[in-house]
Amino acid sequence: MSAYKRRNMGVISLPTDIEYRNWSKDLTKWKIENDSQLAQYLVYDLGEAAAWDNLVALKNEAKKLSQLEQVILFEHLLEKKTITQLVEECGVPRIALKRLKKQLLQKLRNVMEK
């Protein structure tokens with residue numbers, strides 16, 4: 001392996017189109033929520049990011065979640081099971097689980113921002 005490849009392993013280039021060159025706080029928030037081209041670069045780590053103050057709000061919100069949302073929250077996000085494992089266990093299509101995960105993360109983020 002060349003020195004260049006070793007030095008740049010794990011480096012991912014974000015899209016270079018003109019609309020991705022200038023960012024503001026509002027534009028960043030909108031693009032993260034709506035731009036499917038950026039979805040591949042986003043990583044959510046709810047397990048370590050949750051502060052103690054937010055745990056009470058999340059506990060109350062978890063009671064309101066559907067059974068499938070609870071599976072995604074507890075088994076995928078907190079216990080680190082893969083989506084593939086959940087597809088096999090729940091019998092739900094992968095695309096449906098990914099969509100539900102995105103909606104769940106947005107819902108939890110809204111709860112924590114309150």
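Participant: Please clarify how the overall build of the protein chain should be interpreted in this entry.
Facilitator: Secondary structure summary: the protein chain contains seven helices and zero strands in total. Listing every helix and strand of the protein chain by position from the N terminus yields α-α-α-α-α-α-α. Counting over 114 residues, the protein chain shows a buried share of 23%. Pairs at least 24 apart in sequence give 51% of the contacts found in the protein chain among residues at least 6 apart. When the accessible surface of the protein chain is summed, it comes to about 8800 Å², and 54% of that surface belongs to carbon and sulfur atoms.

Participant: Would you explain the nonpolar core in this entry?
Facilitator: Taken as a class, soluble globular proteins show a tendency for nonpolar side chains to be buried jointly. Among the nonpolar cores identified, the biggest contains 15 residues, and Leu65, Ile72, Leu73, Leu77, Leu97, Leu104 and Leu108 are the most heavily contacted of them. Elements with a contribution of two residues or more to this core: helix 4 (52–64), helix 5 (67–78), helix 6 (83–90) and helix 7 (94–113). With five residues, helix 7 is the largest single contributor of residues to this core.

Participant: I keep staring at unusual backbone geometry and nothing clicks. Help me out?
Facilitator: For residues that are not glycine, phi is negative in most cases, and the peptide bond is trans in most cases. Residues other than glycine seldom take positive phi values, yet Lys80 does so here, at roughly 65 degrees. Here Lys80 shows up in the loop between helix 5 and helix 6. The class for Lys80 is exposed, based on a relative accessible area of 56%.

Participant: So what exactly am I meant to see when it comes to the environment of Phe74 here?
Facilitator: With respect to the secondary-structure elements, Phe74 resides in helix 5. Separated by 12 residues in sequence, Phe74 and Ala62 place their C-alpha atoms 9.4 Å apart. If we ignore the near neighbours within four places in the chain, the residues touching Phe74 are Ala62 and Glu79.

Participant: Is there a simple way to think about the packing of helix 5 against helix 7 in this case?
Facilitator: Helix-helix packing: each pair is described by the crossing angle between the helix axes and the interaxial distance. Interhelical geometry of helix 5 versus helix 7 gives an angle of 85 degrees and a closest axis separation of 10 Å. Comparing the axis directions of helix 5 and helix 7 gives the class roughly perpendicular. Packed against helix 5, whose contacting residues are Leu68, Glu69, Ile72, Leu73, His76 and Leu77, the element helix 7 presents Leu97, Leu100, Lys101, Leu104, Leu105, Lys107 and Leu108 at the interface. In the contact of helix 5 with helix 7, the residues fall into nine nonpolar, one polar and three charged.

Conventions we followed
- Residues numbered from 1 in each chain as written.
- Predicted model: local features only at pLDDT ≥ 70, side-chain atom pairs only at ≥ 80, totals over all residues.
- Heavy atoms only, no water.
- Helix = DSSP H or I, 4+ residues; strand = E, 2+ residues; numbered from the N terminus.
- Buried < 20%, exposed > 50% of the residue type's maximum accessible area, 1.4 Å probe, protein only.
- Contact = heavy atoms within 4.5 Å.
- Areas by Shrake-Rupley, 256 points an atom, 1.4 Å probe, with all protein chains shown as cover.
- Core = buried A, V, L, I, M, F, W, Y, C linked by side-chain atoms within 4.5 Å.
- Axes fitted to C-alpha atoms, helices over the stretch in contact; angles between N-to-C directions.
- Parallel < 35°, antiparallel > 145°, perpendicular 65-115°, else oblique.
- Nonpolar A, V, L, I, M, F, W, Y, C, P; charged D, E, K, R; others polar.

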